[in-house]
Amino acid sequence: MKVTTRIKTDNTRAISAAMRQAAARAVLEVAEDALTEANDRVPLDEGDLARSGEVTAFPEKSAASITYDTPYAIKQHEDVTLKHPRQGEDHWLERTVEENAPRYFQWIADRIRKALS
């Protein structure tokens, strides 16, 4: 004799919404952390470049962007021939995110797990 049962959850939408909200919040937290970490590597002269760093959230996409907005930000980030005697390095933002990626993925996963518990 075979016994079969079906389990139906009526809260699928609520679970999906909680996951999306947790992911969006976590991505914003990660971006803010990355900005802070990147500012320790940003080329420093008078501090304008570091102060121009900004996080923009796109919660509907569970995404965020980090931007530095000075006329010389791209040159400072991309040009490997520039010297930064006081502080800084090229590709500071890219390196920060790549080096911290495992921690950031864990951060996001932990926030989603916590929201579902």
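Residues numbered from 1 in each chain as written. Predicted model: local features only at pLDDT ≥ 70, side-chain atom pairs only at ≥ 80, totals over all residues. Heavy atoms only, no water.

### A few points about the pairing of strand E2 (residues 63-67)
If a strand is regular, its side chains alternate between the two faces of the sheet. Pairing of strand E1 (residues 54-58) with E2 involves five bridges; the strand directions are antiparallel. Paired with Val 55 across the strands is Ile 66, a residue of E2. The antiparallel pairing of E1 with E2 creates a hairpin that spans four residues between the two strands, and Ser 62 there sits at a positive phi of about 50 degrees. (Pairing = 2+ DSSP bridges. Helix = DSSP H or I, 4+ residues; strand = E, 2+ residues; numbered from the N terminus.)

### Describing the nonpolar core
Burial of nonpolar side chains together is a common tendency in soluble globular proteins. Val 42, Leu 49, Ile 66, Tyr 68, Trp 92, Leu 93 and Ile 108 are the most contacted members of the largest nonpolar core, which has 21 residues in total. Of all the secondary structure elements, the ones that give two or more residues to this core are helix H1 (12-39), helix H2 (48-51) and helix H4 (92-116). Here this core gets nine residues from one element, more than from any other, and that element is H1. Tyr 68 has contacts with Leu 35, Ala 38, Asn 39, Val 42, Leu 49, Ala 50, Ser 52, Gly 53, Ala 73, Trp 92 and Leu 93, leaving out every residue within four places of it along the chain. (Core = buried A, V, L, I, M, F, W, Y, C linked by side-chain atoms within 4.5 Å. Buried < 20%, exposed > 50% of the residue type's maximum accessible area, 1.4 Å probe, protein only. Contact = heavy atoms within 4.5 Å.)

### Things to note about the pattern of salt bridges
Applying the stated criterion across every chain, the model contains nine salt bridges. Residues Arg 111 and Glu 29 are paired through a salt bridge, measuring 3.0 Å at the closest nitrogen-oxygen approach. Of this pair, Arg 111 sits in helix H4 while Glu 29 sits in helix H1, placing them 82 residues apart in sequence. By sharing partners, the salt bridges in this structure join Arg 41, Glu 89, Asp 90, Arg 95 and Glu 99 into a single network. (Salt bridge = Lys/Arg side-chain N within 4 Å of Asp/Glu carboxyl O.)

### Considerations on H4
In a regular helix each residue adds 1.5 Å, so 25 residues correspond to 36 Å; H4 covers 35 Å between its end C-alpha atoms and thus fits that length. The sharpest bend along H4 comes to roughly 65 degrees, located at Ala 101, with the proline Pro 102 sitting one to four residues further on. Contacts from the buried residues of H4 go to H1, H2, E2 and helix H3 (73-78). (Expected span 1.5 Å × (residues − 1). Bend = angle between axes of the 7 residues up to and from the residue.)

### Some points on the environment of Leu 93
Assignment of secondary structure puts Leu 93 in helix H4. Judged by its relative accessible area of 15%, Leu 93 falls in the buried class. Taking the C-alpha atoms as reference points, Leu 93 and Ala 34, separated by 59 residues in sequence, lie 7.8 Å from one another. For Leu 93, the residues in contact, after removing those within four places along its chain, are Ala 38, Ile 66, Tyr 68 and His 77.

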